[in-house]
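# Analysis of the macromolecular model
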Amino acid sequence: MEAVRSFRLVWLLLVGAAARAAGREVCLGTDMKLALPSSLENHYEMLRLLYTGCQVIHGNLEITHLQGTPDLSFLQGIVEVQGYVLIAHVSVAEIPLTNLRIIRGGRLYNSSYALAVLENTGIKELQLRSLTEILLGGVYILGNPQLCYPQQINWIDVLGKQQRNKEMKLTHLQPAAPYCQPCPAACGSRGCWGRTADDCQTLTHVQCMSGCQYCKGPQASDCCHDQCAAGCSGPKNSDCLACHNFNDSGTCKESCPLVMLYDIKTHQLIPNPNKKFIFGIICVKQCPYNFLTTYSACTRVCPKGNQEVITIHPDGKEMQKCEQCEGECPEVCYGLGMGNLQGVSAVNSSNIGFFQGCKKIYGSLAFLPQSFKADPLTNLTSLQAADLEVFRTLEEITGYLYIDAWPENSGDLGVFENLKVIRGRMLYKGVYLLGIQSLQIESLGLRSLRSVSGGLVLVHNNSRLCYTSSLPWSSLLYLSQEPNLISNNNRDPQACEADGHVCDPLCKNGSCWGPGPSQCVSCVSYQRGKECVKECNIRNGLVREFSDDLSCVPCHPECRPVNGSESCSGPGPDQCVECLHFQDGDVCVERCPSGVKEDQHTVWKYSNESGHCIPCPNNCSVSCPLDERGCPIHQKAGHIEQYCLIDAWRP
């Protein structure tokens, strides 16, 4: 019963997390395999940030390159992995995945294995005491000189249906290490994951009665519901320890509640008030933040024939969804991993032209050392600093921005000065939404950046980089996320301060992206355009302004500058205190309307001595001679008065 209560609690947490835009209980996995994207110290911190508080991993769990005695207790809460589990190049004694119950194998290591344990010099026990199900993929355990007990496990039970239905060999196990103790006597004929009675293997397949796919015991009454995976505590689909297909608020189902239902009385489809969307293997009422809502599922990329639409509600929250295009979908700018750049790993001279004039890039950007190297074999030239100017117009990236190389003569990343949002729907190595490392820049220069989400931020090993310690990263990350930042081995802040590399005094809270008042995150006083200023030009200055919520906004050009006083109360020509040229009613104008078509008549006005526009005594529509004031002339022909099609209009 304890296992059932734990399972239900996990799923309540998961559904609650999705309803409040994906909390920390559902985490994204990684796609690094054996690579080490940063330093060893950063690698541990990355794992800790990714998996603290995590129970279900959408992707792969890759535990690699760990040394010493790090605290790995954050792994104990993981219950389910939807991709593969890789444990490799680890010298610690234990990996405490004690609550991992099911590995789905949605993605496989080397296209074959759901569980791979490779080249770990220190591991003695796997401690996978709760693992009862691998839905797809095999097991590969090799090169672990001190590892005991995997040979004692009944892998037929763990691999279940796929093992029984296939003749292919799914387990590749190394010999047992010398001096391994036998399984505890409490395990009986069962295998074990470790040396204590708590480590005995739980069987959910081989002991079942005929016709039972999963069971909690050998009796016919112990059979699990056919929607269960990994075992159960009873016969109902709400008693499953994990779901074979989808979990709908703790009940395992073949599908999530449909968006539309068929009304047998009217023979029509009607909206289902209880509809839910597919999010991984969970049924949710709303898609998590940064996922796109399609007809029935939460996705990272809109399907073919659909376009992304983002609407902003009055409370400021965004609704991101896919809508079917009417006819051909409009052309968009694709980044790495999308459209014509699918499979491309870095920006280079052959593809940078695709980004000319782009405001939004659907995909990602990565700048690697090969981006700035020529390749005579492929006739590829090296990127130059001038080539990067194409990104000045960029405001949004739906994937990641990863920069591991940059022109040495560029002191910042100022070509991205207008970049506002990095959505992180795709992550570099499955981890980073923003990565900046090993550059010679002195400041970031990302002065417009206001929102990042979906992954970790890495700012590492930039020996000349200043200003980063002042940045309010927690306000940049989406509200439901913790400030998942790894920033180290940059220039010492004290050395930066000693050399004068500090934020401008006009920057609020001393936070900035670089030097000068144009790089402030926010302003102490007022802001003119993108620059912080001490005060607005309200009572003096060549161009007069008014203050609109701490922003300096210029008066209309037709407002006369008034010395020592306000010149306007707003941006319009009707909000001037005095007019620079003429006043037509309540509006300041450059000249009075003369022969201006308006509705069903023509307007003729002249200016009086005070500069006000006054209606002419006569009006005219066609071929109108004018007097010195610019008004139509009243003409006579013989004894018949002609008014040039006079309308006899009077004020």
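Before any of the text, the structure's been laid out above.
Sequence positions are assigned chain by chain, starting from 1 and proceeding in written order. Residues qualify for local features only when their pLDDT is at least 70, as the model is predicted, and side-chain atom pairs are given and counted only at 80 or more; totals for whole chains, interfaces and linings, by contrast, use all residues. Just so you know, side-chain values use all the structure's heavy atoms and leave hydrogens and water out.

## Let's talk about the overall build of the protein chain
Runs of E in the DSSP output that reach at least two residues are strands. Runs of H or I that reach at least four are helices, and both are numbered from the N terminus. Check the secondary structure of the protein chain and you find five helices and 43 strands. Computed over C-alpha atoms, the radius of gyration of the protein chain comes to 35 Å, more than 25% over the 26 Å expected from 2.2 N^0.38 for 651 residues, which places it beyond the range of a compact globule. Burial here depends on accessible area, computed with a 1.4 Å probe over protein chains only, as a share of the maximum for the residue type. Under 20% is buried, over 50% is exposed, and the range in between is partly exposed. The buried share of the protein chain, taken over its 651 residues, is 48%. For this measure, only C-alpha atoms enter the radius of gyration; the expected value for a globule follows 2.2 Å times N^0.38, where N is the number of residues.

## Considerations on the packing of aromatic side chains
What counts as a ring pair is set by centres within 6.5 Å for rings of Phe, Tyr and Trp (its six-membered ring), and what kind of pair is set by the plane angle: stacked under 30 degrees, edge-to-face over 60, tilted for all other angles. Counted by the stated rule, this structure contains 15 aromatic pairs. With a centroid separation of 6.2 Å and 35 degrees between ring planes, the pair formed by Trp406 and Phe416 is classed as tilted. Of this pair, Trp406 sits in the loop between β27 (401-403) and β28 (421-422) while Phe416 sits in the loop between β27 and β28, placing them ten residues apart in sequence. Comparing Trp406 with Phe416, the two get one shared label, buried. Aromatic side chains Trp473 and Trp513 sit 5.9 Å apart centroid to centroid with 85 degrees between the ring planes, which places their arrangement in the edge-to-face category. With a gap of 40 residues between them, Trp473 in helix α4 (residues 473-476) and Trp513 in the loop between α5 (493-498) and β33 (526-528) connect regions that are remote in the sequence. Like Trp513, Trp473 is buried.

## Regarding the pairing of strand β39 (residues 594-598)
Between any two strands, pairing holds if DSSP finds at least two bridges. By the bridge criterion, four bridges tie β39 to strand β40 (residues 601-607) in an arrangement that is antiparallel. Note that in β40 the partner of Lys597 across the bridge is Thr602. Count of turn residues in the β39/β40 antiparallel hairpin: two residues, of which Asp599 carries a positive phi of about 55 degrees.

## Here we look at the sheet that holds strand β2 (residues 56-58)
Pairing between sheet strands relies on hydrogen bonds along the backbone, with the strands arranged either parallel or antiparallel. Read across the sheet, five strands follow the order β1-β2-β4-β6-β8 without closing on themselves; strand pairing throughout is parallel. Strand pairing shows two members of the sheet lacking a second neighbour, β1 (26-28) and β8 (133-134), which therefore form its edges. Note that β2 and strand β4 (residues 80-81) share two bridges and pair parallel. Following the sheet pairing, Val56 is matched in β4 by Glu80.

## Here we look at the pattern of salt bridges
The salt bridge definition used is simple: a Lys or Arg side-chain nitrogen within 4 Å of an Asp or Glu carboxyl oxygen. This model, assessed by the stated rule, comprises 23 salt bridges. Arg107 serves as the salt-bridge partner of Asp31, at 3.6 Å between the closest nitrogen and oxygen. With Asp31 in the loop between β1 and α2 (40-51) and Arg107 in the loop between β6 (102-103) and β7 (113-118), this residue pair connects regions lying 76 residues apart in the sequence. Given the relative accessible area of 28%, Asp31 is considered partly exposed. Given the relative accessible area of 45%, Arg107 is considered partly exposed. For the salt bridge of Glu545 with Arg528, the shortest nitrogen-to-oxygen distance reads 2.6 Å. Placement of the pair is Glu545 in strand β35 (residues 545-548) and Arg528 in strand β33, with a sequence separation of 17 residues. Residue classification places Arg528 among the partly exposed residues on the basis of a relative accessible area of 30%. In this structure, a network of salt bridges that share partners links the residues Glu308, Lys360, Glu396, Arg423 and Arg425.

## Describing the state of the cysteines
Counting rule for disulfides: a pair of cysteine sulfur atoms within 2.5 Å. Evaluated as defined, the whole model comprises 24 disulfides. Two residues share a disulfide in this structure: Cys579 and Cys588, whose sulfurs sit 1.9 Å from each other. The chirality of the disulfide connecting Cys579 with Cys588 is left-handed, given an S-S dihedral of about -80 degrees. With respect to class, Cys579 is no different from Cys588; both count as buried. With a sulfur-sulfur separation of 2.1 Å, Cys592 is cross-linked through a disulfide to Cys613. Looking down the S-S bond of the Cys592 and Cys613 bridge, the torsion is -90 degrees, so its handedness is left-handed. On the criterion of sequence distance, the pair formed by Cys592 in the loop between β38 (587-589) and β39 and Cys613 in strand β41 (residues 613-615) is long-range, its members being 21 residues apart.

## Focus: the environment of Arg107
For the pair Arg107 and Gly137, spaced 30 residues apart in sequence, the C-alpha separation works out to 8.6 Å. Setting aside residues no more than four positions away along its own chain, Arg107 makes contact with Asp31, Asn60, Gln82, Gly83 and Tyr84. In what follows, residue pairs with any heavy atoms lying within 4.5 Å of each other are defined as contacts.

## Digging into the nonpolar core
Here, the term nonpolar core denotes a set of buried Ala, Val, Leu, Ile, Met, Phe, Trp, Tyr and Cys residues that are joined through side-chain atoms within 4.5 Å. Ranked by internal contacts, the top residues of the largest apolar core, which has 97 residues, are Tyr51, Leu97, Leu365, Phe367, Phe391, Trp406 and Phe416. Considering each element in turn, this core owes the most residues, five residues, to α2. Among the nonpolar cores identified, the runner-up in size contains eleven residues, and Cys228, Cys240, Cys243 and Cys252 belong to it.

## Regarding the sheet that holds strand β10 (residues 171-173)
In spatial order, the strands read β3-β5-β7-β9-β10; together these five strands make up an open sheet with parallel pairing. Lying at the two open borders of the sheet, with one neighbouring strand each, are β3 (61-64) and β10. Here the average twist between neighbouring strands, direction ignored, is 5 degrees. Axis lines are fitted through C-alpha atoms, for helices just across the contact stretch, and the angle between N-to-C directions can take any value from 0 to 180 degrees.

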